[in-house]
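The chain contents come next:
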Amino acid sequence: MVPPTTGPTMSELAAGYAERAGIQRNSSGHVDMLKSAGGVQGIAESILPGLVFLVAFTMSRDLTVSLVAALAAAAIFTVIRIVQRRPLTQALAGVVGVGISAWLANTTGRAEDFYVLGFFTNVAYIAAMALSVVVKWPIAGLLFGFVRNEGFDWRKNPVRLRTYANGTWIVVAVLALRLVVQVPLYLMGEPGLTALATTRILMGAPLYILGLWVAWLVTKPAPQPSKPSSSAA
C-alpha cells in the first residue's frame, strides 16, 4: 500500500515565500540584510546602469549614447552571471527594467524619463504591502516569520499580527519617502536630473536595507519570562 503523500507544512510554505523574495538568514539565525538586498553584486546591478546613464549624459548630452551605455552596463552583469553560473533572474530583470526605462526616455526625448519606471514600481509595492496589512497577511510577517521559525503561527497571535503590520508600514514609509523626494525632482525636468539620479542611488538599496533592518528590530518578539525553578519541599 502506497503511503499518502503529505503536502508542505505552513512553515515550509513561509520559508519558500521568503526565499523567493530574497530574504536570507545568516549563521546566527538573523536576517542577512546585505544578502537580502542581493549582495554586493546585486546592489551594483541595481545602481550602476542608472549611474552610467547619468555620467554619460552629463558628459555627452547625447540621450542615445547615454541609453546605450546604460543598457550595456546592465548586459555586462548578465554576462558575468553566465560566467559565474549563477541564477540569471535578477540580472535579466535588471536588463528588462533598464530596457523599458531606455525606451521611455527615447520615446519622449526626456532624459529624466529614464527614471520614471521606478515611480510606478514603488506605487505597485506600496499598494501590495498596504493590501497585505488590510487582509491581515502583512508582508513583514511572511518574510521575517520564516527567519524566526514562526512559520504562519504569528497570525494566531493578535499582538504578533499587529507587530508585523507595523513592520510592513515601515517598509511602506521607506517606499513613500522615495516618491516624496524624487517626484518633485522629476517634475523639474532636466535641471533636476542630477539630483534625481543621485537620490535614486542613495534611496535605493542603502535605504531599503535600513528600512528592512528597522522593520526587523520593530518586529522582534518580546522576550519570554523565565519560569521560576521549583524548590524541593
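Just above sits the structure.
Owing to the predicted nature of the structure, the values given are computational and were not obtained by experimental measurement.

Undergrad: Got a minute to help me understand the pattern of salt bridges in this structure?
TA: Should the charged atoms of two oppositely charged side chains come close, the side chains can pair. All chains considered together, the criterion is met by 5 salt bridges. The shortest N-O distance in the salt bridge between Lys 156 and Asp 153 comes to 3.7 Å. For Lys 156, a relative accessible area of 70% translates into the label exposed. Residue classification places Asp 153 among the partly exposed positions, given a relative accessible area of 48%.

Undergrad: Help me understand a nonpolar patch on the surface in this model?
TA: On the surface, a nonpolar cluster with roughly 360 Å² of combined accessible area is contributed by Leu 48, Leu 51, Val 55 and Met 59. Leu 51 gets classed as partly exposed once you look at its relative accessible area, which sits at 31%.

Undergrad: I tried to follow the side chain of Ser 66 on my own but got confused; where do I start?
TA: Along the polypeptide, Ser 66 turns up in helix α4 (residues 63–84). A polar atom in the side chain of Ser 66 sits 3.0 Å from the backbone nitrogen of Phe 57. Of note is the side chain of Ser 66, whose polar atom sits 2.8 Å from the backbone oxygen of Asp 62. Each residue touching Ser 66, except ones within four places of it in the same chain, is listed here: Phe 53, Ala 56, Phe 57 and Ser 60.

Undergrad: Can you walk me through the environment of Leu 67 in this structure?
TA: In this structure, Leu 67 sits in helix α4. On the accessibility criterion, Leu 67 (5% relative accessible area) is buried. Here the alpha-carbon distance between Leu 67 and Ser 101, two residues 34 residues apart in the chain, equals 8.8 Å.

Undergrad: What exactly am I supposed to notice about the side chain of Thr 199 here?
TA: Here Thr 199 shows up in helix α9 (residues 193–202). Taking relative accessible area as the criterion, Thr 199 reaches 16% and is therefore assigned buried. Among the polar contacts listed, one links the side chain of Thr 199 to the backbone oxygen of Leu 196, at a separation of 2.9 Å. Excluding its chain neighbours within four sequence positions, the residues that come into contact with Thr 199 are Val 181, Gln 182, Leu 185 and Gly 204.

Undergrad: Would you take a moment to explain the packing of helix α8 (residues 158–187) against α9 for this structure?
TA: Interaxial distance between α8 and α9 falls to 8 Å at its minimum, and their mutual angle equals 160°. Accordingly, the angle class assigned to the pair α8 and α9 is roughly antiparallel. In this structure, the crossing between α8 and α9 has a hand that is left-handed. In contact with Val 181, Gln 182, Leu 185 and Tyr 186 of α8, α9 contributes Ala 195, Leu 196, Thr 199 and Arg 200. Within the contact of α8 with α9, the residues separate by chemical class into 5 nonpolar, 2 polar and 1 charged.

Undergrad: Quick question: what am I supposed to make of the environment of Ala 74 here?
TA: By secondary structure assignment, the location of Ala 74 is in helix α4. Other than its neighbours up to four places away in sequence, Ala 74 contacts Pro 49, Gly 94, Val 95 and Val 98.

Undergrad: What is the right way to read the environment of Ile 126 from this model?
TA: Along the chain, Ile 126 falls in helix α6 (residues 117–134). Sequence separation of Ile 126 and Ala 176 is 50 residues, and the distance between their C-alpha atoms is 7.4 Å. Once you skip the residues sitting within four places of it in the chain, Ile 126 turns out to touch Val 172, Leu 175, Ala 176 and Leu 179.

Undergrad: Is there a simple way to think about the nonpolar core in this case?
TA: Nonpolar side chains tend to gather and get buried jointly when the protein is soluble and globular. The biggest cluster of nonpolar side chains holds 40 residues, and the ones touching the most others in it are Phe 53, Leu 63, Leu 67, Phe 114, Tyr 115 and Phe 144. At the level of secondary structure, the elements contributing two or more residues to this core comprise α3 (39–60), α4, α5 (89–108), α6, α7 (139–147), α8, α9 and α10 (205–218). A per-element tally of this core places α8 first, with 8 residues. With sequence-adjacent residues up to four places away left out, Leu 63 is seen in contact with Phe 53, Phe 57, Ala 105, Asn 106, Gly 109, Arg 110 and Ala 111.

Thresholds, definitions, all that
- Residues numbered from 1 in each chain as written.
- Predicted model: local features only at pLDDT ≥ 70, side-chain atom pairs only at ≥ 80, totals over all residues.
- Heavy atoms only, no water.
- Salt bridge = Lys/Arg side-chain N within 4 Å of Asp/Glu carboxyl O.
- Buried < 20%, exposed > 50% of the residue type's maximum accessible area, 1.4 Å probe, protein only.
- Patch = residues over 30% accessible without salt bridge, like charges linked within 9 Å, V, L, I, M, F, W, Y side chains within 5 Å.
- Areas by Shrake-Rupley, 256 points an atom, 1.4 Å probe, with all protein chains shown as cover.
- Helix = DSSP H or I, 4+ residues; strand = E, 2+ residues; numbered from the N terminus.
- Polar contact = N/O pair within 3.5 Å; in protein donor to acceptor, adjacent residues only side chain to side chain.
- Contact = heavy atoms within 4.5 Å.
- Axes fitted to C-alpha atoms, helices over the stretch in contact; angles between N-to-C directions.
- Parallel < 35°, antiparallel > 145°, perpendicular 65-115°, else oblique.
- Left-handed = near helix turned anticlockwise from the far one by under 90°.
- Nonpolar A, V, L, I, M, F, W, Y, C, P; charged D, E, K, R; others polar.
- Core = buried A, V, L, I, M, F, W, Y, C linked by side-chain atoms within 4.5 Å.

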